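Coordinate inspection notes
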Amino acid sequence: VDLYVLTDLHDMEEVEGPFYGTWKICCLEVEDGSGDPSSLEGTEFHLDESGDVHWTVPDGAEPLPFFSCETYEIVLEDPPAKLTFLDSSGGAIMTFKCQLMSDTMVLIYNKMSLHCSKVTADDTSRPFGQMTYSLLPALDEGFFADMSIRAADGSKIPCHSTILTACCPTRLGWDSSVVSPLTGLPRPALQAVLHYIYTNSLPSDATEATVKQMQDLPAKLPSLKGLGELCNIFLQSTAVQQRISQLLSEVQSSVELITTAANGGHPPEDLGSLLTTIPTSRSRSGRCYQPTSLSAPGQPALSDPSRLYATLKTCLREGAVAAAKLLMVSTLFNDHKGELAREERKQLLQHIRLNVFRYVHELCRLAIVLWQQFSPLTQQQKAEIGTYFVPEVEAVWDTVSKLGFDMRAALEQVIRQTDDRSKRKHKIIRLGQAFKKALHARELIRMKKLQEKLSSFFVQMFQKREEFRNMSDAEKARSVTKGFQFIIDEITTKVVLRVREMLSFMEGRMQPREWKYLFKFVTSRVSWVYHKVISQRQHFDQLIVTACEYVHREEFSFVLRSLQLLDEQDGDTDIEPAESASVHPVSKSTGCHPKKASRPLGLSATCLPPATHSWLPDCIGPLFTSGAMADMSFEIRPPQSDQEQLDWMDVNVFPAHRCIVAARCSWLRRALQSGMIEDISRSVGSGLPITVVLG
């Protein structure tokens, strides 16, 4: 990914404005007539300014691959415009050709065309079940409260026996004369429990300590079983955030350890001071200027070949551990992002961005430290290093060749199996199969391109290995020395300058939306490779075991086991783990989600669920139909012009509950608290039919 392409997107909101909003799929056209076009009608997707896409799929609709996409990108440079949906979890990327005409849009993918219309803000066609249902205003404002519950600190929280009886029935009831089963809870926990009863969700400011205090309540009150499920979801999401933060911190420690080791065991100076030692140009002879200062006095610490070799092995092993932990960060985020609230995901992305900036910052320091260590070496010292490293380089060539052969063989097996599945002839009768077949074909093309690039790389590598083997010992030493000199030159002329540009871009010019898309694009590619390796593990097992043997770090093996890339009996089990428990992935046990289907996929514990996924309307509805515990009424009278008919026409009276009606309708809330006739008589009348929707 070229980071600098994104700098041209600062005016994206102006050019992409017509795409923002909610779109409804009205019809689907398929050229070959396959599938049921009506299976997508009514599906809605919302494109927001932050680059996220949210899907609303009607009940019974056929699941399609792009329904799991949560990020989008619009490309307008080359007509026609292109709308790309990206799924960072499964690695799916679907690009539609887009034709935008006022309030209509046509999305074209292969032989399928989706005709969409824009949903306006006052569109009343949205199903009621897609709206949220909450009684929170009654709890927050305390209007019409007829009881209170005492917290552990002695304070009281006003509440409503009507709502508590309907939503959380108990054996003794919620009469004010009976001690409440919630009495004595810490105030934050009591507030969170009541918030759950009034909204079917946890408060947005809930903490881990508060949620743990509520975990045992379902055992005392079976009607709060759903609260226990939400607590598990919340604690799971909290564990994910803590685990990701811990892994990022450990990666930072690994990168700093590498920099310190490269500096001879001495912590290097800050980046600002180090940059003053780097030349910004070259002399005419092509040689780099000598540094003005060293991070350690005297001779460079890595001038000793044996010490340089040991340091290099340490740095490579630590780098492998850091890379494995970054893979785990990507996997954890993609697997559990649906359990996080939108604000939590936003904060986590910002935290990851800050840490990536630190890694790039440390990479710049590492490059300068290496240049400082190698630039002052004399030709004799470089020759000694070259002579010492000749047998090690030969061993590295053999190792890389073996890994290359294993990787190429594994990739060929995967492509062969994937190609065999694609050649099977079957009649497509569903749209989902058509989309999946198109994605499968693109995936096969992607793997074949990857195989071509790897094959070309391995051919060049094998040629260089044979050339190196055919050299004399003196020529090999000179070749290794020349390689060291090349590394020194590249560090000063390219790596440092490039990294400094990246630091400047990430610190100032990269917008949050650009970072979000870049992060999800990278993680989608990583996720695609990871899931492909997991699904074809039998072909990669030997390659992974060999990598563990070379890294020879239990922490590295432990991370791979946690990622299910390595069996428990494989790896370096004879090495004591170094705080390996800290990198264990969050459990995916179904015990954390006893009824996960009761809440929509991707909805966190602190978000209000849609009415169709909330038990609250089902609890409140019977109160209206039965009239139990009613404390007000609606009187439906004929129009004033028909007053003479009152002698023979009955007035329809509907019992209702002030706390519920006021919580659901702000106009009625004001009327029932106004001191006027509605407040005094506790009755709302009208000459027109009134429909009060309570469920």
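Just so you know, these numbers come straight off a predicted model, no measurement behind them.

What counts, and at which threshold
What you see as residue numbers is a count from 1 along each chain, following the sequence as written. The predicted origin of the model limits local features to residues at a pLDDT of at least 70 and limits the giving and counting of side-chain atom pairs to 80 or more, whereas totals for whole chains, interfaces and linings rest on all residues. Hydrogens and water are ignored here; the side-chain numbers use all heavy atoms of the structure. Strands are runs of DSSP state E lasting at least 2 residues, helices are runs of H or I lasting at least 4, and numbering of each runs from the N terminus. The Shrake-Rupley method, run with a 1.4 Å probe, gives the accessible areas here. Residue values count only the displayed protein chains as cover. The salt bridge definition used is simple: a Lys or Arg side-chain nitrogen within 4 Å of an Asp or Glu carboxyl oxygen. For the exposure calls, accessible area comes from a 1.4 Å probe over protein chains only, and a residue counts as buried if that area is under 20% of its type's maximum, exposed if over 50%, partly exposed in between. Defined by distance alone, a disulfide is two cysteine sulfur atoms within 2.5 Å. Definition of a polar contact: a pair of N or O atoms within 3.5 Å, with one able to donate and the other able to accept a hydrogen when the atoms are protein atoms, and with sequence-neighbouring residues admitted only if both atoms are side-chain atoms. Paired strands are those between which DSSP finds at least two bridges. Here, nonpolar core means buried Ala, Val, Leu, Ile, Met, Phe, Trp, Tyr and Cys residues that are tied together by side-chain atoms lying within 4.5 Å of each other. We call two residues in contact whenever any of their non-hydrogen atoms come within 4.5 Å of each other. Angles here are taken between N-to-C directions and fall from 0 to 180 degrees, while the axes themselves are lines fitted to C-alpha atoms, restricted in helices to the stretch in contact. In this scheme, roughly parallel covers angles under 35 degrees and roughly antiparallel covers those over 145, while 65 to 115 is roughly perpendicular and the rest are oblique. Note on residue categories: nonpolar means Ala, Val, Leu, Ile, Met, Phe, Trp, Tyr, Cys or Pro, charged means Asp, Glu, Lys or Arg, and polar means any other residue, Gly included. The span expected for a helix works out to 1.5 Å for each residue beyond the first. Any Phe, Tyr or Trp ring, taking Trp's six-membered ring, that has another such ring centre within 6.5 Å forms a pair; planes under 30 degrees apart are called stacked, those over 60 apart edge-to-face, and the others tilted. Geometrically, a lysine NZ or arginine CZ counts as sitting over a ring once it is within 6 Å of the ring centre and also within 35 degrees of the ring normal. One number per residue, pLDDT, summarises how confident the predictor is, and it ranges from 0 to 100.

A few words on the overall build of the protein chain. Across its full length, the protein chain holds 20 helices and 13 strands. Element-wise, carbon and sulfur atoms account for 55% of the exposed surface of the protein chain, whose accessible area totals about 34,900 Å².

Another point: the pattern of salt bridges. The final tally for this structure, using the stated rule, is 17 salt bridges. Residues K516 and D52 are paired through a salt bridge, measuring 3.1 Å at the closest nitrogen-oxygen approach. With K516 in helix α14 (residues 512–535) and D52 in the loop between β2 (44–47) and β3 (53–56), this residue pair connects regions lying 464 residues apart in the sequence. Accessibility classification places K516 together with D52 in one group, the buried group. Each member of the salt-bridge network shares a partner with another, and the members are E250, E318, K325, R553 and E555.

Turning our eyes to something else, we now look at the state of the cysteines. Inspection of every chain in the model, using the stated rule, returns 0 disulfides. The thiol of C26 is unpaired, and the distance to the nearest cysteine sulfur, on C27, comes to 6.5 Å.

Moving on, we come to the side chain of N200. Within the fold, N200 resides in the loop between α4 (187–199) and α5 (208–214). Residue class for N200 comes out buried when judged on its relative accessible area of 5%. At 2.8 Å, the side chain of N200 and the side chain of W615 are in polar contact.

Okay, the pairing of strand β4 (residues 71–75) next. Relative to strand β5 (residues 81–86), β4 is paired through 5 bridges, and the arrangement is antiparallel. Its bridge partner lying in β5, Y72 is registered against F85. Linking β4 to β5, which pair antiparallel, is a turn of 5 residues.

Attention shifts here to the nonpolar core. General note: in soluble globular proteins, nonpolar side chains tend to be found buried as a group. Ranked by size, the top nonpolar core spans 56 residues in total, and within it L182, I197 and M214 carry the most contacts. In terms of residues, this core owes the most to one element, α4, which gives 8 residues. With near-sequence residues (within four places) excluded, M214 lies in contact with A189, A192, V193, L202, L227 and C231. By size, the runner-up hydrophobic cluster in this structure holds 45 residues, among which are L248, V251, I544 and F556.

Our next topic: helix α16 (residues 554–562). Burial of α16 is extensive: 9 of the 9 residues sit out of reach of the surface. Listed in full, the buried residues belonging to α16 are E554, E555, F556, S557, F558, V559, L560, R561 and S562. Next to the buried residues of α16 lie α7 (225–262), α9 (305–336) and α15 (537–551).

This paragraph deals with the packing of α9 against α14. Between α9 and α14, the least distance of the axes is 10 Å, while the angle of their chain directions is 100 degrees. The angle between α9 and α14 falls in the class roughly perpendicular. Contacts from L327, S330, T331, F333 and N334 of α9 reach α14 at F519, T523, V526, S527 and Y530. Class assignment for the residues of the contact of α9 with α14 results in 5 nonpolar, 5 polar and no charged.

The next point concerns the sheet that holds β3. Strands pair in a sheet through their backbones, by hydrogen bonds, and they do so in one of two ways: parallel or antiparallel. Across the sheet, which stays open at both edges, the 8 strands sit in the order β3-β2-β1-β8-β7-β6-β5-β4 with antiparallel pairing between neighbours. If you trace the sheet from one side to the other, it starts and ends with β3 and β4, each paired once. Strand-to-strand twist across the sheet, computed as the mean angle between neighbouring axes with direction ignored, equals 30 degrees. Relative to strand β6 (residues 93–101), β5 runs antiparallel, the two sharing 6 bridges. Within β6, the position partnered with L86 by the bridge is I93.

Over its 13 residues, α4 extends 18 Å from the first C-alpha to the last, a length consistent with the 18 Å expected when each residue adds 1.5 Å. With respect to burial, α4 is a largely interior element, 10 of its 13 residues being buried. Positive phi appears at N200, one or two residues downstream of α4, with a value of about 60 degrees.

Below, the discussion takes up the packing of aromatic side chains. Applying the stated criterion to the full structure yields 13 aromatic pairs. Here F45 and W55 contribute two aromatic rings whose centre-to-centre distance is 5.2 Å and whose plane-to-plane angle is 40 degrees, an arrangement assigned as tilted. Pair noted here: F45 is in strand β2 and W55 is in strand β3, with a separation of 10 residues, a long-range link. Of the two residues, F45 and W55, neither departs from the other in class, the shared state being buried. Ring centres of F96 and Y109 lie 5.3 Å apart, and the angle between their planes is 45 degrees; this geometry places the pair in the tilted category. In this pair, F96 sits in strand β6 while Y109 sits in strand β7 (residues 104–109), placing the two residues 13 residues apart along the sequence. Here F96 and Y109 have matching classes, each one buried. Taken together, F45, W55, F85, F96 and Y109 form an aromatic cluster joined through their ring pairs. The aromatic ring of Y133 is capped on one face by R664, whose charged end is 4.1 Å from the ring centroid.

Looking now at the environment of R525. Assignment of secondary structure puts R525 in helix α14. Spatially, the C-alpha atoms of R525 and D87 are 9.7 Å apart, while their sequence positions differ by 438 residues. Each residue touching R525, except ones within four places of it in the same chain, is listed here: I93 and R446.

It is worth spelling out unusual backbone geometry at this point. Located in the positive-phi region is Q564, a residue other than glycine, with phi close to 65 degrees. Tracing the backbone shows Q564 in the loop between α16 and α17 (616–626). Among the residues examined, Q564 registers a relative accessible area of 52% and is labelled exposed. Of note, M629 is a non-glycine position whose phi angle comes to about 60 degrees, a positive value. Within the fold, M629 resides in the loop between α17 and β11 (632–636).

Bringing the pairing of β3 into the picture now. Burial along β3 is one-sided: V53 and W55 are buried, while H54 and T56, pointing the other way, are not. Where β2 hands over to β3, the hairpin turn is made up of 5 residues, of which G51 adopts a positive phi near 95 degrees.

In this section: the packing of α14 against α15. In contact at an axis separation of 6 Å, α14 and α15 are set at 100 degrees when each is read in the N-to-C sense. With respect to α15, the axis of α14 lies roughly perpendicular. Residues V533, I534 and S535 of α14 form the contact with α15, whose own contacting residues are R537, Q538, F540 and I544. Looking at side-chain class alone, the contact of α14 with α15 contains 4 nonpolar, 2 polar and 1 charged residues.

Here the focus is the confidence of the model for the protein chain. Overall, the prediction assigns the protein chain a mean pLDDT of 77, with 76% of residues at 70 or greater. Across the protein chain, the element-wise mean pLDDT spans from 59 in helix α8 (residues 271–275) up to 94 in α4. This stretch, residues 1–11, has a pLDDT under 50; its non-local contacts, to residues over four places away or in other chains, come to 20 contacts. Considering only residues more than four positions removed or in separate chains, one finds that residues 587–597, a stretch of pLDDT under 50, has 18 contacts.

The next thing to look at is the side chain of T399. Mapped onto the elements, T399 comes out in helix α11 (residues 379–423). Since its relative accessible area comes to 19%, T399 is described here as buried. A distance of 3.5 Å separates the side chain of T399 from the side chain of Y550, its partner in a polar contact.

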